[in-house]
Amino acid sequence: MTPEPARPAASRRRAVAIDGKTLRGARGAGAAGRRAHLLACMDHATRAVLAQRQVGGAPQEVPAFAPLLAPLDLVGTVGTADALQTHPEAAESLVGDKHAHYLFCGKANQPTLLARCTALPWHRVPVLDRTRNRGHGPG
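Rules of the game
- Residues numbered from 1 in each chain as written.
- Predicted model: local features only at pLDDT ≥ 70, side-chain atom pairs only at ≥ 80, totals over all residues.
- Heavy atoms only, no water.
- Helix = DSSP H or I, 4+ residues; strand = E, 2+ residues; numbered from the N terminus.
- Contact = heavy atoms within 4.5 Å.
- Phe/Tyr/Trp six-rings, centres within 6.5 Å; stacked < 30°, edge-to-face > 60°.
- Buried < 20%, exposed > 50% of the residue type's maximum accessible area, 1.4 Å probe, protein only.
- Salt bridge = Lys/Arg side-chain N within 4 Å of Asp/Glu carboxyl O.
- Arc of directions from axis to C-beta.
- Core = buried A, V, L, I, M, F, W, Y, C linked by side-chain atoms within 4.5 Å.
- Axes fitted to C-alpha atoms, helices over the stretch in contact; angles between N-to-C directions.
- Parallel < 35°, antiparallel > 145°, perpendicular 65-115°, else oblique.
- 1 Å grid on protein atoms, 1.4 Å probe; cavity = no way out; pocket = protein on both sides within 12 Å on 5 of 7 lines; lining within 4 Å.
- Points joined across faces, edges and corners; volume = space filled by probe spheres on them.
- Nonpolar A, V, L, I, M, F, W, Y, C, P; charged D, E, K, R; others polar.

Right, let's talk about the side chain of serine 93 for a bit. The residue serine 93 is located in helix α2 (residues 88-97) in this model. Setting aside residues no more than four positions away along its own chain, serine 93 makes contact with Phe65, Ala66 and Lys98.

See the structure below:
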């Protein structure tokens, strides 16, 4: 099977990344000067930050997901997020409220989802590309 050729940029689906980060060196106003933690939505192609809000840390990213995206027009867009956001409420927010698509990763923080994905017949899916790289620094 020959892979489909890359489509011109104008015909590609828009994609946004939703992710949270703790800022190095920046101190928040509350909570005894804890470092600031931001949840942001960024356009994959332009790298423009479309929305951003300060949250109290990684656990507060989950309830801030839908409010962060509320003012954005994401119809037809693909939203990507890390395993922290992989839960039904985030998917429903994107699909049901924003009429968007999503690409989430499944890890051990969602054991039922991970078990269901692991049980799928992956040996029947042809490998069209294989890339090995490492992120988050040396190791």
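Now for the packing of aromatic side chains. Under the criterion given, the structure shown has one aromatic pair. Arranged with centres 4.8 Å apart and planes meeting at 35 degrees, the rings of tyrosine 102 and phenylalanine 104 form a pair that is tilted. Exposure remark for tyrosine 102: the relative accessible area of 42% places this residue in the partly exposed category.

This part is about the pattern of salt bridges. The final tally for this structure, using the stated rule, is two salt bridges. A salt bridge links aspartate 19 to lysine 21, with the nearest nitrogen and oxygen atoms 3.1 Å apart.

For helix α1 (residues 61-69), the complete set of buried residues consists of Glu61, Ala64, Phe65, Leu68 and Leu69. Down the axis of α1, the smallest arc covering the buried residues is 130 degrees, so these residues share one side.

Turning our eyes to something else, we now look at the environment of leucine 94. Structurally, leucine 94 can be placed in helix α2. Leucine 94 sits 20 residues away from leucine 74 along the chain, and the two C-alpha atoms are 8.1 Å apart. Those residues within four positions of leucine 94 in sequence are excluded, and the remaining contacts are Phe65, Leu69, Leu74, Gly79, His99, Ala100, His101, Tyr102 and Phe104.

With that out of the way, let us pick up the nonpolar core. By size, the foremost hydrophobic cluster in this structure holds 18 residues, and its most contacted members are Ile18, Cys41 and Leu69. Only β1 (15-27), β2 (35-43), β3 (49-55), α1 and α2 provide two or more residues apiece to this core. For this core, the element with the highest residue contribution is α1, accounting for four residues. Beyond its immediate stretch of four places on either side in the chain, isoleucine 18 contacts Leu39, Ala40, Cys41, Phe65, Leu68, Leu69, Gly79, Thr80, Ala81 and Asp82.

Where α1 meets α2, the closest approach of the two axes is 9 Å, and the angle between their N-to-C directions is 10 degrees. For the element pair α1 / α2, the angle class is roughly parallel. Counting all contacts with α1, which are made through Phe65, Ala66 and Leu69, the residues of α2 involved are Ala90, Ser93 and Leu94.

Our focus in this paragraph is the layout of surface pockets. Put simply, the largest pocket is a space of about 370 Å³. Ala17, Ile18, Asp19, Gly20 and Lys21 are the residues nearest the centre of the largest pocket, which is lined by 21 residues in total. Residue assignment for the lining of the largest pocket shows that the elements contributing at least two residues are β1, β2, β3, β4 (78-81) and β5 (101-104). Per-element tally for the lining of the largest pocket: the top contributor is β1, with six residues. A breakdown of the residues in the lining of the largest pocket according to their chemical character gives 13 nonpolar, four polar and four charged. The calculated volume of the second largest pocket comes to roughly 220 Å³. Lining the second largest pocket are Thr86, His87, Pro88, Ala91, Tyr102, Leu103, Phe104, Cys105, Gly106, Gln110 and Leu113. At three residues, the largest contribution of residues to the lining of the second largest pocket is made by β5. Its residues assigned to classes, the lining of the second largest pocket comprises seven nonpolar, four polar and no charged.

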